[in-house]
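Architecture at a glance
Each chain, letter by letter, is given below.
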Amino acid sequence: EWVTWLSIVGYTSEVSTAVMNYRWYLLQTLEKDWIGFGIVNVFVAASWAGRVVMFTYLLLVEIFPRTGNYIEMKQIFTYAVMVFGHAGIGLLSLYWCMIMCRGGIKSLFVFKKQKGGKGNNNAGFAGAVGLNGASPEKGHSPLRSSKLIQEANAYVDGSLFSEEDDDEKKKTL
């Protein structure tokens, strides 16, 4: 019963991830301030703060007091995975919560369009590594090779694994 409860609470904490993804979508698509952004942003920050509190509670009140039970049952590895897993997720949640709140209360309510928004090839991972014709910020990226880009485009348009390719491979064998 306790393990089921612990799992339910852990999975429930992932609701904040879905809301954070919606926040990311708003950051990518909004062109001007919208009250809904402020509401979502405050909810995201509060839910991540809740995660920090919840994982701290789980460690201090629910998991640590059961240390003796795990030692008695010789389940030290299981206990260690549970402790380090909860501690790791809790610390990562604290880190992200601090990042979200570092601009202060006003930044939670007001949307400001960032550089690299909608339609900018330098946005996101592709821009960081130099794909999509964007220049990487530092140095040369090995991911810019023409063969890799051709293969990626073929994957996207569905021609990478076409029957024609299979016939050509058979001919070369």
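Right above here is the structure, for reference.
Attention in this report is confined to the structure presented alongside it. (Residues numbered from 1 in each chain as written. Predicted model: local features only at pLDDT ≥ 70, side-chain atom pairs only at ≥ 80, totals over all residues. Heavy atoms only, no water.)

1. Here's the deal with unusual backbone geometry
Non-glycine residue K74 carries a positive phi angle of around 55°. Residue position: K74 is located in the loop between α4 (67-72) and α5 (76-101). (Helix = DSSP H or I, 4+ residues; strand = E, 2+ residues; numbered from the N terminus.)

2. Concerning the packing of helix α2 (residues 15-29) against helix α3 (residues 35-63)
Their axes nearest at 9 Å, the elements α2 and α3 cross at an angle of 145°. Note that α2 runs across α3; the crossing there is left-handed. Between α2 and α3, the contacting residues are S16, T17, V19, M20, Y22, R23, L26 and L27 on the first element and F37, V40, N41, F43, V44, S47, W48 and R51 on the second. Partitioning the contact of α2 with α3 into residue classes produces 10 nonpolar, four polar and two charged. (Axes fitted to C-alpha atoms, helices over the stretch in contact; angles between N-to-C directions. Left-handed = near helix turned anticlockwise from the far one by under 90°. Contact = heavy atoms within 4.5 Å. Nonpolar A, V, L, I, M, F, W, Y, C, P; charged D, E, K, R; others polar.)

3. Observations regarding the nonpolar core
Within the largest apolar cluster, 12 residues are counted, these being W2, L6, V9, M54, F55, L58, L59, I63, Y70, Y79, M82 and V83. Put simply, the parts of the chain that give this core at least two residues each are α1 (2-12), α3 and α5. The greatest single-element share of this core, amounting to five residues, is contributed by α3. For W2, the residues in contact, after removing those within four places along its chain, are E62, I63, R66, Y70 and M82. If you look at the next biggest cluster of nonpolar residues, it comprises 11 residues, including M20, F37, V40 and V44. (Core = buried A, V, L, I, M, F, W, Y, C linked by side-chain atoms within 4.5 Å. Buried < 20%, exposed > 50% of the residue type's maximum accessible area, 1.4 Å probe, protein only.)

4. What about the environment of V19?
Along the chain, the position of V19 falls in helix α2. Look at V19 and you get buried, because its relative accessible area is 17%. Sequence-wise, V19 and S47 are 28 residues apart; in three dimensions their C-alpha atoms are separated by 8.8 Å.

5. Remarks on the side chain of R51
Relative to the assigned elements, R51 resides in helix α3. Judged by its relative accessible area of 6%, R51 is buried. Not counting the four nearest positions on each side in its chain, R51 is found in contact with S13, E14, S16, T17, I89 and S93.

6. Describing the state of the cysteines
The full count for this structure, using the stated rule, is zero disulfides. Unpaired in terms of disulfides, C97 finds its nearest cysteine sulfur in C101, a separation of 4.4 Å. Accessibility expressed as a relative area gives 11% for C97, which makes it buried. (Disulfide = S-S within 2.5 Å.)

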